[in-house]
Every structure is written in structure tokens, then in C-alpha cells.
Amino acid sequence: MNVSPTYRSRLQVATLLVLATLLTACGINNIPTLDEQAKAAWGQVQNQYQRRADLIPNLVETVKGYAKHEEATLTAVIEARAKATSIQVDASTLDDPAKLKQYQQAQDQLSGALSRLMVVSERYPDLKANQNFLALQSQLEGTENRIAVARRDFILAVQKYNTEIRTFPGRLWHSVMYSNLPIRETFEATPGSEKAPEVKF
């Protein structure tokens, strides 16, 4: 049977289109897509931590004017902020669980120091009435909520990614094409966080 070159080239193009359609629909791109979503979600967590770090100096300066003798609390906040911002992280941090944990611990220490600062503010009625302080406190509370949302989004992105590389057909594509992409670690609660904190005035 003699097949004309025109027919053969049309058959090849049709075969390529069918193969391309099958490969597109089979999930071959799911793993890198989900990996990038996890990295983007991590970037948003870092963005919110940076927002908090940027607000803290203004908050501390406002409190200083009213609570000069609360130097220990202010110093703890400043030191916790310095430690939290000194740990440099990027997308590769997602591949290093120890570095991720160290970063999270520094952020948790900063959260604790800020909580103590808010308790200090309760002792000073004039400070609580100060418009600058109220605005900063509101922004900080909003930022803490944004951090919680960003963490949740990151946890969900990591869950989707990890599920994809551990189930079929993602597991197959992971072993064949993306074996260099590891299972991602997610946030873990700080030890003891299941207990309600004690607030003493």
C-alpha cells in the first residue's frame, strides 16, 4: 500500500495533536504547578511577616513615650524582631525542614514578645487612648490575622502538592520526571501552644 507524503504528514500532525492533548490532560504539569503554588504561598507568609516587622518599630516608639520604665518588655520586642528578621529565607527554605522550623520559632518568639507588649499597653490608659497607638495596634492585629490566613493557604498548598506526588498518576510523573522535587514540610504548632496562655496584669 502506497501512502502519499501529504497524507503521511497530516497523519503525523494529527498524531502529535492527539498525543499533546493526552499529555495535557494527564496531569504531567500538575506537580510543577502545585510546587510553584506552594512557593508562592510561602512568599505570602514571608510578606506578612515582613509587614509585621515593619510595623513594630513604630509601635515600640509610640509605647516608649508612655511606658519608659517598661524597658525590659520593649527590649524583648526589639530583640525578637531583630532575630526574626535576621534569619534569611527563600524558596529553597521549603526544602530544608530544619531551617523552616528555625524561622518559625523566631517568628513565634516575636509573637510572644508582641503579646507581652499588648499586655503592657493595658496598664496605661493614656496610651490606650493615643490615636497613633490605636492605629498601630489595629494594623498589627490585622497583620496577625493576615499571617494566620497566609499560613493556612501555605498549609493547603503544601497539602495539595504532597497529595499529588503521593497519589496516582502524580506519583508516576514524580518518579519519572520530577524526582528532584521533595515532599514539602508544613507548619507545625509550637510545642505547648495547645494550652491557653496566661495573661497577668
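Up top you'll find the structure we're talking about.
Predicted model only: the values in this text are computed from it and were never measured. (Residues numbered from 1 in each chain as written. Predicted model: local features only at pLDDT ≥ 70, side-chain atom pairs only at ≥ 80, totals over all residues. Heavy atoms only, no water.)

*Asks:* An account of the nonpolar core is needed here, citing residue identities and associated values.
*Replies:* Formed by 34 residues in total, the largest nonpolar core has its most connected members in Trp42, Val45, Leu59, Val77, Leu114, Leu117 and Phe154. Listing elements by their share of this core, those giving two or more residues are α2 (30-66), α3 (71-86), α4 (97-122) and α6 (131-166). Top element by residues in this core is α2. It accounts for ten residues. Once residues lying within four places of it in the same chain are set aside, the contact partners of Phe154 are Ala38, Ala41, Trp42, Val45, Leu94, Glu185, Thr186 and Phe187. Judged by nonpolar contacts, the second largest core, of eight residues, contains Ile28, Ile31, Tyr161 and Tyr178. (Core = buried A, V, L, I, M, F, W, Y, C linked by side-chain atoms within 4.5 Å. Buried < 20%, exposed > 50% of the residue type's maximum accessible area, 1.4 Å probe, protein only. Helix = DSSP H or I, 4+ residues; strand = E, 2+ residues; numbered from the N terminus. Contact = heavy atoms within 4.5 Å.)

*Asks:* Quick one: what's the story with the pattern of salt bridges, residue by residue and with numbers?
*Replies:* Evaluation of the coordinates by the stated rule reveals six salt bridges. One salt bridge in this structure joins Lys39 and Asp35, with 3.4 Å as the shortest N-O distance. Here Lys39 pairs with Asp35, and both are found in helix α2, just four residues apart, close to one helical turn. Of the charged contacts in the structure, one is a salt bridge between Arg52 and Glu144, with a shortest N-O distance of 3.0 Å. Taken together, the residues Arg52 in helix α2 and Glu144 in helix α6 connect sequence positions 92 residues apart. Under the relative-accessibility criterion, Arg52 is labelled buried at 0%. The structure contains a network of salt bridges with shared partners spanning Asp35, Glu36, Lys39 and Arg184. (Salt bridge = Lys/Arg side-chain N within 4 Å of Asp/Glu carboxyl O.)

*Asks:* Requested: an account of the side chain of Arg184, with residues and values cited.
*Replies:* Tracing the backbone through its elements, the reader meets Arg184 in the segment after α7 (170-176). The exposure class of Arg184 is buried, given its relative accessible area of 4%. There is a polar contact of 2.5 Å between the side chain of Arg184 and the side chain of Asp35. Leaving out residues up to four positions away in the same chain, Arg184 has contacts with Asp35, Lys39, Leu94, Asp95, Val158, Tyr161 and Asn162. (Polar contact = N/O pair within 3.5 Å; in protein donor to acceptor, adjacent residues only side chain to side chain.)

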